[in-house]
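# Survey of secondary and tertiary structure
In case you want the letters, here they are:
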Amino acid sequence: MPEPVYLDLSELVAAPLRTGIQRIEREAIRHWPGPARLLPCRIDAQGQFVQLPDAVLEVLCADDDGSPEARDAERQQLRHLADKARPVAAAQVKRLLNLELFFSPIRADAHLRIAATGTSVSWYLYDFLPFLRPDLFPQGLTRTCMHFLRGLRAATRLAFLSDQTRRDYIRRVRRVPDLEAVGPILQPGADGIQLERQVFSPSRRDFVAIGTVEPRKNPQALLDAFEMLWNRGIAIRLVVAGRMSPDAKDALAFFARHAANPNLVVMEQPADEALRAVLRQARAVVMPSEAEGFGLPPYEALYAGIPAIASVRLPSAALLPAGVRLLERMDAASIADAVASLLDDATAARLWDEAAGIRLPTWATFGRALGDWAQEA
Amino acid sequence: MAWRRESPTIVVDMRCLQDPHYTSRGVGRHALTLLRHAPPGWHLSGLVDPALPALLPAARAAVQSIYINAYAASGAARPGSPPAGFITLSPMTHDPLFSARLLTDPNLLRVAVVYDFIPWRHPDRYLPGPAQRLEYANRLRWLARCDLFAPISKSAARDLMTLLGVPERSVAVTGCPLAPGFENAASAQPHQAPRHLLVVGGGDARKNPEVVIRAHARSGIMQRGRGIPLVVAGGYSPTSIDQFRAIAAAAGGRADLIEVPGHVPDEALVDLYGKALAVVSASRDEGFSIPVIEGMAAGVPCLVSDIPAHAELVPDSECRFPADDDAALLPKLERLATDAGWRTAVVEAQATVWPRFRAPDVGDRFWNGVRRRLSGPAPAVRRGYRPRIAMMSPLPPDRSGVADYTAATCEALGRFVELHVFTETANPTRLRNVASVRLLGELPHLSTGFDRAVSVVGNSHFHTRIFELLQRHGGACIAHDARMLLFYRYLLGQERALAVASKELGRLVTEDELNDWLDDEGKLETLFLSEIAESASPTIVHSPVTARMFAERYGTTAIYLPFSIYHPWSPEELTKDRRTEARRRLGLEPNEIAIATFGFVHANKAPEECVWALEVLRGWGIPATLHFVGQSDAGLSAPGLGPLVEQLGLTRYVRFAEGYVSDQMYRDYLIGADLAVQLRTYGFGGLSGGLLDCAAAGLPAVTNQSLGAAVGVPDYIRCIPDAISPLLLAEALADLLAAGMAAERPEAERRAFSEQRSMDVYARHLCQALGFEPEHDVARPAMLETV
């Protein structure tokens with residue numbers, strides 16, 4: 001029997017949110033290929049590894065209907081199961097996998113200690129934005145993240161979400177420019193929305209923006225772009241779907257100002273089915289953000305055959321050879337121009353044709369690749 | 001050279017039009033009339049005191065601009081377009097020191113409006129104590145500095161000439177203006193049968209209505225039948241009214257005939273005049289008597305006490321009576337009531353008097369006097385004059401970077417000007433090129449013996465008095481700090497801090513917010529510089545960011561002079577040998593990469609980020625050490641620092657200074673360190689003397705963008721984003737190392753920067769900011785003289 005792989009779920013179990021990182025964790029669990037067992041664990045307040053009941057994995061893979069009740073129930077179940085955790089000796093942990101970004105010095109120390117005992121420690125890295133683009137985050141946040149970089153020295157094996165992340169690691173985090181074979185890139189699945197393949201129709205008139213509305217994701221440029229179009233008499237509909245950050249004061253004020261505007265629909269944290277319904281009317285997905293660890297929304301839209309408008313600087317842009325209008329500048333005028341061009345049916349149809357030819361990996365593919373890589377240790 | 005100008009600018013001291021004690025009384029009315037009748041095309045600038053209530057809107061409308069201190073209104077602040085004259089509208093009622101810079105300026109025509117010298121004649125009543133008498137004498141001395149006097153009556157003019165020895169040619173008697181509503185009241189109103197005698201009095205016992213009450217009470221004609229009422233208008237207390245009635249009763253009259261309507265507005269007063277048999281003014285002393293000309297304009301005969309101001313208006317002695325002689329007044333009252341012919345003759349004779357006091361005529365007499373004097377000869381400046389500058393600042397040995405900066409400024413500036421320094425520093429260090437160092441006081445602000453007054457203001461207790469004087473008297477100001485939060489909160493008090501913050505932000509700032517800002521200056525929303533912006537002319541700042549914020553937030557221009565090198569280095573001090581010696585003194589290993597960070601250790605200088613950057617650098621295999629070169633009570637000002645150093649296992653590689661860092665150690669680090677870090681967690685254009693020192697010494701360093709922009713740094717100082725990332729900090733330091741800058745300092749760039757930022761250049765720019773061109777070796781000072 002191969003050595004089990006311990007999966008450090010400290011953050012997910014303590015605070016189960018629906019963040020991008022936690023989604024990847026859930027997909028990794030859901031599609032774990034075996035043969036080695038995946039054992040959930042976390043690090044307690046004393047820095048000790050404790051093994052969680054296997055039922056944790058089932059809870060995390062359960063279907064999500066998006067309702068507050070279901071999510072609250074999940075939280076309760078995880079808390080209950082976490083209480084049943086039992087200590088596990090470091091010597092028992094031969095293979096440790098971490099898919100989380102964390103701030104805890106205790107956790108960094110725990111990984112460093114266990115790596116020192118010879119345990120194979122595998123980390124999957126998303127991006128280094130908090131360290132390399134601190135301007136996108138509140139003052140002082142980067143300092144609090146530094147224990148993650150310290151703990152990263154424990155990792156004996158690395159995999160990366162994108163080529164950009166791998167390059168940043170080599171050149172700027174490790175600062176070893178000629179480092180080779182540092183680890184694979186494991187592309188995320190593009191089928192998370194589970195939307196059937198879409199086809200173009202001139203009746204599709206909506207543009208959909210998916211993702212958290214927060215200042216660093218540049219929502220204002222998108223909203224200003226649509227306001228420009230509306231002011232030109234173009235009655236085109238924008239659907240904004242995602243979590244609303246209280247920091248996005250300008251965007252929230254915009255929504256309040258346009259509360260009676262039939263061309264603006266705001267859906268706060270929609271359930272998957274609601275999102276699918278919106279995308280079935282979409283002409284394109286728009287992502288105004290320029291600073292992302294990956295840039296999942298255009299990637300997922302394209303999987304369903306829906307074109308996207310996005311920044312050329314998104315890490316995911318490198319994986320999107322066609323079907324996407326990639327913009328050099330994500331200002332209001334550029335976005336408005338791109339949207340306006342897609343209102344022309346012939347232009348839109350051409351982009352939809354391109355999108356139809358694109359094939360992207362699924363979460364199952366990702367899960368298998370990640371599992372295989374984790375078991376290579 | 002002459003004072004004559006087509007459109008002269010005249011500064012007017014308008015405090016009497018702010019002070020509610022005067023705005024609605026004779027002083028305020030007279031002052032406002034004068035302003036409203038200024039010659040067309042003349043530019044009037046109002047001087048107001050921000051500590052007094054707001055200026056009357058009508059007064060604000062009468063001037064084109066407003067200044068809040070005398071310096072700002074003077075030629076010192078506006079050398080290109082200095083004012084031609086200064087008018088003090090009420091010189092004896094407000095602190096003369098406030099306008100002293102204008103009153104002592106021989107380049108100005110100084111004009112005083114003179115009302116009366118009643119306190120001088122009745123000291124027991126108006127100047128009861130020595131303090132009041134001294135104060136009055138002091139004001140008289142300041143009044144005497146004026147060139148032209150505009151008394152409201154000939155009698156006031158005579159007093160002026162007697163008291164101050166003012167020559168007649170310097171006097172222009174104006175009279176007082178009749179309010180337009182009283183003009184031609186006689187013809188404008190239908191004739192009404194006389195019903196009462198009228199006294200327009202007031203709270204002051206000098207008005208003496210009692211003598212009229214007694215005469216009225218003793219008059220059988222007045223008391224007979226229904227009687228003729230005596231109306232005593234003015235703000236009297238119930239006690240006074242009771243006393244009036246008691247006096248009437250005691251004199252055998254009827255108390256019910258005494259009517260005291262209280263303060264009467266102008267329209268009602270016109271009506272009272274219209275129904276009056278006579279107006280009686282029994283005042284014991286006046287500078288002028290407005291009720292008399294009002295009565296005359298209403299066509300009512302006026303009987304007046306025999307005092308000089310009344311005699312000017314009522315030349316007929318038959319209509320005058322000794323002020324306290326009711327027996328003399330009584331027959332005149334009865335004759336007016338019974339002798340219609342005499343009454344008519346009196347009215348006709350008096351009808352020729354009041355038209356002289358129409359507001360435009362009073363205004364013309366005043367402004368013609370000013371115009372005549374302005375067209376006379378003016379003072380001239382002797383060629384080769386060397387400006388005299390007063391600079392108010394802390395000096396070494398006070399432990400203040402600002403004190404050091406001033407010392408360096410003085411040495412350079414003193415080559416161009418005659419420089420006098422005023423300070424509270426005990427036993428100040430001897431300064432080169434400075435004419436004198438004196439104890440700080442008001443003198444440099446008040447005297448035009450100093451062409452410019454320059455206050456040096458910073459965010460510490462060394463500047464409290466300097467700031468107060470600047471607020472009161474104005475002057476140029478070198479504002480060292482980009483925000484004055486701590487100064488306001490801890491030195492001026494929480495209430496003041498909250499008030500200023502609320503004013504700057506246009507909303508109510510709470511105590512909690514203020515405490516939040518104190519905990520983390522990164523959250524600060526405002527600069528606390530508005531009062532400096534209002535008072536100073538000009539404000540000089542050392543950060544372009546601050547200058548921009550001045551314009552954006554306060555709508556005023558601050559002059560930006562680059563923060564300059566006040567600890568210069570010669571190439572000989574920076575040789576490799578000297579570096580080796582310095583490193584040895586500091587105990588640095590040859591292969592150690594010593595990173596220094598200068599200044600008091602505080603959380604707002606991101607010390608934790610520095611420690612983390614060290615951790616990253618060591619993780620990259622760079623044998624770096626971190627040295628906090630500044631007083632450290634890290635436990636208080638950066639509480640997480642010590643535990644973090646320990647947690648990261650960096651105790652051996654982080655060095656804190658013990659106590660105060662000596663100059664020698666500070667300089668050794670500037671020479672001996674390989675790299676430096678100077679960070680700020682807040683923006684607002686704050687400066688760092690430490691960063692400038694690094695640049696001056698050619699020490700390669702890393703700073704954050706806003707601090708780098710504020711100081712203006714050369715290429716060997718690298719900037720990272722203001723949201724500080726230890727990884728980016730480590731990366732920038734490693735890049736400097738990789739570029740070989742630590743091993744071989746960029747001497748050529750350092751020299752170029754040092755020349756560009758020398759104190760000599762700074763002093764030249766400072767001269768220009770103060771309004772004159774710097775010239776070396778000009779003759780010793782020559783004071784202004786009149787030709």
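Residues numbered from 1 in each chain as written. Chains lettered and ligands numbered in written order. Predicted model: local features only at pLDDT ≥ 70, side-chain atom pairs only at ≥ 80, totals over all residues.

## Section: the overall build of chain B
Short version of the rule: In DSSP terms, a helix is any run of H or I states spanning at least four residues, a strand is any run of E spanning at least two, and both are numbered starting from the N terminus. Backbone-placed C-beta atoms define the burial measure: a residue is buried with 20 or more other C-beta atoms within 10 Å of its own, exposed with 12 or fewer, and partly exposed in between. By the convention adopted here, residues are in contact when the distance between their C-beta atoms, placed from the backbone, does not exceed 7 Å.
Secondary structure summary: chain B contains 37 helices and 27 strands in total. Principal-axis analysis of the C-alpha atoms gives chain B an extent of 120 × 60 × 45 Å. A total of 787 residues make up chain B; the buried ones form 50% of that total. Of the contacts made within chain B by residues no fewer than 6 positions apart, 71% connect residues no fewer than 24 positions apart.

## Examining the overall build of chain A
The condition is simple: Every radius of gyration here is taken over C-alpha atoms, with the globule rule written as 2.2 Å times N^0.38, N being the number of residues.
Helix and strand counts for chain A stand at 15 helices and 13 strands. Taken over C-alpha atoms, the radius of gyration comes to 22 Å for chain A, in line with the 21 Å a tight globule of 377 residues would show. If you line up chain A on its principal axes, its C-alpha atoms span 70 × 50 × 40 Å. Within chain A, the fraction of its 377 residues that count as buried is 43%. For chain A, the share of sequence-separated contacts (at least 6 apart) that also reach a separation of at least 24 residues comes to 77%.

## Quick look at helix H17 (residues 326-338) of chain B
In plain terms, the rule: Given a helix with a known number of residues, its expected span is that number minus one, times 1.5 Å.
Over its 13 residues, H17(B) extends 18 Å from the first C-alpha to the last, a length consistent with the 18 Å expected when each residue adds 1.5 Å. Residues of H17(B) that are buried: B:Asp326, B:Leu329, B:Leu330, B:Lys332, B:Leu333 and B:Leu336.

## Here we look at the confidence of the model for chain B
All names here are of chain B. Inclusion rule: Confidence scores labelled pLDDT are given residue by residue by the predictor and lie between 0 and 100.
Of all residues in chain B, 95% have pLDDT values of 70 or greater, and the mean over the chain is 91. Every residue in residues 379-383 scores below 50 in pLDDT, and together they form 10 contacts with partners more than four places removed in sequence or on other chains. For the stretch residues 777-787, pLDDT sits under 50, and the model shows 20 contacts to residues farther than four places along the chain or on other chains. The ipTM, which scores confidence in the relative placement of chains, is 0.90 for this predicted complex, and the corresponding pTM is 0.77.

## Describing the packing of helix H23 (residues 485-492) of chain B against helix H24 (residues 494-505) of chain B
Residue and element names in this part refer to chain B. Just so we agree on the cut-off: Axis lines are fitted to C-alpha atoms, over the contacting stretch for helices. Their N-to-C directions set the angle, which ranges from 0 to 180 degrees. Residues are grouped as follows: nonpolar covers Ala, Val, Leu, Ile, Met, Phe, Trp, Tyr, Cys and Pro; charged covers Asp, Glu, Lys and Arg; every other residue, Gly included, is treated as polar.
Interaxial distance between H23 and H24 falls to 6 Å at its minimum, and their mutual angle equals 145°. Across the interface between the two elements, Tyr488, Arg489 and Leu492 from H23 touch Gln494, Arg496, Ala497 and Val500 from H24. Residue composition of the contact of H23 with H24, grouped by class: four nonpolar, one polar and two charged.

## Topic: the UniProt feature "domain: Glycosyl transferase family" (unreviewed entry) in chain A
What counts is decided by this rule: UniProt positions are given in the numbering used here, feature names are shortened, and annotations may be inferred rather than shown by experiment.
In the numbering adopted here, UniProt assigns the feature "domain: Glycosyl transferase family" (unreviewed entry) to residues 202-356 of chain A. Each end of residues 202-356 of chain A is marked by a C-alpha atom, and these two atoms are 16 Å apart; helix forms 39% of the span and strand 19%.

## Some details on the environment of B:Ile720
Looking at the secondary structure, you find B:Ile720 in strand S26 (residues 717-720). Considered as a pair, B:Ile720 and B:Val702 are 18 residues apart in the sequence and their alpha carbons are 7.2 Å apart.

## Side note on the environment of B:Arg245
All names here are of chain B. If you trace the backbone, Arg245 turns up in helix H13 (residues 238-250). With 19 C-beta atoms packed within 10 Å, Arg245 lands in the partly exposed category. Distance from Arg245 to Leu257, taken between C-alpha atoms, is 8.6 Å for residues 12 residues apart in sequence. Aside from chain neighbours lying at most four places away, what touches Arg245 is Ala255 and Ile258.

## Some thoughts on the pairing of strand S15 (residues 418-423) of chain B
Residue and element names in this part refer to chain B. This is how the line gets drawn: Pairing between two strands requires that DSSP report at least two bridges joining them. With the strands pointing away from the viewer, any crossover whose connection runs clockwise from the first strand over the helix to the second is right-handed.
Across the six residues of S15, six count as buried, placing the element largely inside the fold. With burial as the criterion, each face of S15 is covered, one bearing Glu418, His420 and Phe422 and the other bearing Leu419, Val421 and Thr423. Of the pairings in the sheet, the one linking strand S14 (residues 388-392) to S15 comprises five bridges and is parallel in character. Residue Ala390 lies in a different strand from S15, and its bridge partner there is His420. Handedness of the crossover is the feature at issue here: the chain leaves S14, passes through helix H20 (residues 401-413), returns alongside S15, and the resulting connection is right-handed. Bridging between S15 and strand S16 (residues 436-439) involves four bridges; their strand directions are parallel. In the strand pairing of S16, Val421 is matched with Val437.

## So, the domain arrangement of chain B
The figure often quoted for interface size is the accessible area lost as the parts come together. Residues and elements named next belong to chain B. The test is simple: Each domain's limits were defined by an automated method or a database of domain assignments.
By the assigned domains, chain B splits into domain 1 (9-170), domain 2 (180-356), domain 3 (388-560) and domain 4 (571-757). Each of domain 3 and domain 4 was reduced to a C-alpha centroid, and the two centroids are 28 Å apart. Counting residues at the interface gives 13 residues for domain 3, matched by 11 residues for domain 4. It is helix H27 (residues 544-554) that contributes the most residues to the side of domain 3 that touches domain 4, four residues altogether.

## So, the sheet that holds strand S5 (residues 109-114) of chain B
Backbone-to-backbone hydrogen bonds pair the strands of a sheet. The strands run either parallel or antiparallel. Residue and element names in this part refer to chain B. Across the sheet, six strands lie side by side as S3-S2-S1-S4-S5-S6; this open sheet has parallel pairing. Each of the sheet's edge strands pairs with one partner strand only, and the pair in question is strand S3 (65-67) and strand S6 (148-151). Looking at each pair of strands side by side, their axes are set apart by 25° on average, direction ignored.

## Some words on the nonpolar core
Residue and element names in this part refer to chain B. Cut-off, in case you're wondering: Residues enter a nonpolar core if they are buried, belong to Ala, Val, Leu, Ile, Met, Phe, Trp, Tyr or Cys, and are joined to the set through C-beta atoms within 7 Å.
Core analysis: the biggest nonpolar cluster contains 354 residues, and Ala278 and Ile595 have the highest contact counts within it. With eight residues, the single largest contributor to this core is H20. The residues contacting Ala278, other than those within four sequence positions of it, are Leu197, Val300, Pro301, Cys302, Leu303, Leu333 and Leu336.

## Some remarks on the packing of helix H7 (residues 141-152) of chain A against helix H29 (residues 607-619) of chain B
Keep this limit in mind: An angle below 35 degrees is treated as roughly parallel, one above 145 as roughly antiparallel, one from 65 to 115 as roughly perpendicular, and anything else as oblique. Should the near helix be turned anticlockwise from the far one by less than a right angle, the crossing is left-handed, and should it be turned clockwise, the crossing is right-handed.
Where H7(A) contacts H29(B), the axes come no closer than 10 Å and their chain directions differ by 15°. If you check the angle between H7(A) and H29(B), you find them roughly parallel. Considering only the axes of H7(A) and H29(B), their crossing is left-handed. Between H7(A), through A:Arg143, A:Met146 and A:Arg150, and H29(B), the contact on the second element is made entirely by B:Glu608, B:Glu609, B:Trp612 and B:Glu615.

## Digging into the domain arrangement of chain A
Residues and elements named next belong to chain A. Looking at chain A, the domain boundaries give domain 1 (5-189 + 363-375) and domain 2 (206-356). Distance from the C-alpha centre of domain 1 to the C-alpha centre of domain 2: 30 Å. Taken together, the contact pairs 15 residues of domain 1 with 10 residues of domain 2. For the side of domain 1 that touches domain 2, the leading source of residues is helix H8 (residues 163-173), giving three residues. Among the residues forming the side of domain 1 that touches domain 2, the class breakdown is five nonpolar, six polar and four charged.

## Re the sheet that holds strand S12 (residues 308-311) of chain A
Residues and elements named next belong to chain A. Pairing in this open sheet of six strands is parallel, and the strands run S10-S9-S8-S11-S12-S13 from one edge to the other. The open sheet is flanked by strand S10 (264-268) and strand S13 (324-327), the only strands paired with a single partner. Here the strands of the sheet are splayed against their neighbours by 20° on average, with no regard to which way each runs. The pairing of strand S8 (residues 206-210) with strand S9 (residues 237-242) spans five bridges and is parallel. Within S9, the residue paired with Phe207 across the bridge is Leu238.

## Side note on the environment of A:Asp63
Residues and elements named next belong to chain A. For Asp63, the location among the structural elements is in the loop between helix H3 (55-61) and helix H4 (68-82). Since 6 C-beta atoms lie within 10 Å of it, Asp63 is described here as exposed. Residues Asp63 and Gln76 lie 13 residues apart in sequence; the distance between their C-alpha atoms is 16 Å.

## Things to note about the interface of chain A and chain B
With 15 residues of chain A at the contact, the number on the chain B side is 18 residues. For the side of chain A that touches chain B, the secondary-structure elements that each account for two or more residues are helix H6 (129-132) and H7 of chain A. A per-element tally of the side of chain A that touches chain B places H7(A) first, with five residues.

## Points about the pairing of strand S17 (residues 452-457) of chain B
Residues and elements named next belong to chain B. The element S17 is largely enclosed, with a buried count of six among its six residues. The alternating pattern of S17 places Arg452, Val454 and Val456 on one face and Ala453, Ser455 and Val457 on the opposite face, and all of these are buried. By the bridge criterion, four bridges tie S14 to S17 in an arrangement that is parallel. Of the residues in S17, the one forming a bridge with Ala390 is Ala453. The pairing of S17 with strand S18 (residues 475-479) spans four bridges and is classified as parallel. When the bridges of S18 are listed, Val457 appears paired with Ala479. One crossover worth recording links S17 to the parallel S18 by way of helix H22 (residues 464-473), and it is right-handed.

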